[in-house]
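# Survey of secondary and tertiary structure
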Amino acid sequence: MFGKYGNIKIRGIASAVPQQVIDNVVCAEKLGNRRAKKQVLLTGIRHRHCVKKGQSASDLSCVSAEKLLQKLNWNRNEIRVIVNVTQSADLQTPSTAMIIQKRLGIGQDCLAFDVNLGCTGYVSGLQIVAALLQNTGGKGLLLAGDGRYDKMPEVPNTDSLLFGDGGSATAIELEDGNSMMYAQKTDGTRHGLLSMALDGTMTMNGNAILLFSLNEVCQSIKECRKHFKVSEESIDYYILHQAQKLILDGIARECDIDPSKVLTSYEEYGNTSTATLPLTICNNVEELKKKKCVRLYLCGFGVGLAWSSVVLDLDTDCILPIEITDYCYNDL
């Protein structure tokens, strides 16, 4: 499925991570097996920032949003759409987006809801906000993040070595002449390959996910570039879901992407699920600011199974550095 908006502008992106840092080399030593030590080398994930007890994904996303809104000096009563993409909601009901609305002091003339998506969440969130703004007008705020490490087992396992926590906020509004091209696919028949039960038990078929990434995801990237006639030379950087080094290197190789164009954040933050794309953008703020405007190819893929892409132009002066924080709102 392909689509395009000709009037969507990202005004700013901000991200935040917790202060608590987990060293994967130390964790591998605790596990005491060669597989864990080898995994750290293959995945490239050396550190992960993980929430402390009582801290949540919404805390991280709200810290990001507050910083971003202050920089943009937006009138908060002009925000018409709040979409919070997360697999780590604060409550069963209501939507955490409503709690975020209250925290940020956004007026009542606003639609606010959560979206339960994982690795493709940020790209799909951009599409959702863009679609809604066509009717609502005004401004939109996309929150994307997960904070679940405090629910991981006390004794680490090899799967837990992949995941960190993070949150983000993206400010979006209508502006003619700014295009956003997207491609979206979903295959629910394979949902069991990567899933988490309501009790927090995770199931992941690593080999199947690797093959999915190197086959369907790579094919989709090629198709998207061809469909929209986007040349490789016109893309400044690729921001891919930060699954791990092995997968990102494989995608770059299969899609004939110059490795220097593939920006990363997994080394320090791991796989932060919905937050990986904005977090990677903010993690590479100095590199991106070498140009006033960059064309980015964003690609999310994983849990669902789902895979989606967005191609857009981004003004680099709107990217904020990553905030490291232990702040908790403590209002639930």
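Before going into details, it helps to say that this report is about the structure given with it. (Residues numbered from 1 in each chain as written. Predicted model: local features only at pLDDT ≥ 70, side-chain atom pairs only at ≥ 80, totals over all residues. Heavy atoms only, no water.)

A separate point is the pairing of strand β9 (residues 180-186). In terms of burial, β9 is a largely internal element, five of the seven residues being buried. Bridging between strand β1 (residues 2-5) and β9 involves four bridges; their strand directions are antiparallel. Looking at the pairing, Gly3 lines up with Tyr182 of β9. As paired strands, β9 and strand β15 (residues 306-315) are joined by seven bridges and run antiparallel to one another. Looking at β15, one finds that Met180 is bridged to Leu312. (Buried < 20%, exposed > 50% of the residue type's maximum accessible area, 1.4 Å probe, protein only. Helix = DSSP H or I, 4+ residues; strand = E, 2+ residues; numbered from the N terminus. Pairing = 2+ DSSP bridges.)

Moving on, we get to the sheet that holds strand β12 (residues 237-240). Sheet strands pair via backbone hydrogen bonds, and the direction of the pair is either parallel or antiparallel. Judged by pairing direction, the sheet is mixed, and its six strands sit side by side in the order β1-β9-β15-β14-β12-β13 without closing on themselves. Strands with a single pairing partner mark the edges of an open sheet, and in this sheet they are β1 and β13 (262-263). Pairing geometry for β12 and β13, over two bridges, is parallel. Each bridged residue has a counterpart across the sheet, and for Ile239 the counterpart in β13 is Leu263. Sheet strands in contact with helix α6 (residues 206-227) are β1, β9, β12, β14 (293-302) and β15, and its direction is about 145° off that of β14. Running over the sheet, helix α9 (residues 276-283) touches β12, β13, β14 and β15 and is turned about 145° from β14. (Contact = heavy atoms within 4.5 Å. Axes fitted to C-alpha atoms, helices over the stretch in contact; angles between N-to-C directions.)

Another aspect to go through is the sheet that holds strand β6 (residues 111-115). Pairing in this open sheet of six strands is mixed, and the strands run β6-β5-β7-β8-β2-β16 from one edge to the other. Across the chains shown, the open sheet's two edge strands, defined by having one partner strand only, are β6 and β16 (323-324). The sheet contact formed by strand β5 (residues 79-85) and β6 spans five bridges and is parallel. Across the sheet, the residue bridging to Asn84 is Asp114, located in β6. Packed onto the sheet, helix α3 (residues 57-72) meets β2 (8-17), β5, β7 (139-146), β8 (166-174) and β16 and runs at close to 40° relative to β8.

Relative orientation of the contacting elements α3 and helix α4 (residues 96-104) amounts to 40°, with a least axis distance of 10 Å. With respect to α4, the element α3 is oriented oblique. Crossing of α3 over α4 shows right-handed handedness. For the pair α3 and α4, contact is made by Ser58, Asp59, Cys62, Ala65, Glu66 and Leu69 and by Thr96, Ile100, Arg103 and Leu104, respectively. (Parallel < 35°, antiparallel > 145°, perpendicular 65-115°, else oblique. Left-handed = near helix turned anticlockwise from the far one by under 90°.)

In the segment running from Thr93 into Pro94, the intervening peptide bond is cis, with an omega of 5°. Position of Pro94 relative to the elements: it lies in the loop between β5 and α4. Here Gly304 and Leu305 are connected by a cis peptide whose omega angle stands at -10°. Unlike most non-glycine residues, Asp256 shows phi in positive territory, near 55°. With respect to the helices and strands, Asp256 occurs in the loop between α7 (245-254) and β13. Despite not being glycine, Ser273 has its phi angle at roughly 55°, a positive value. On the secondary structure map, Ser273 appears in the loop between α8 (266-269) and α9.

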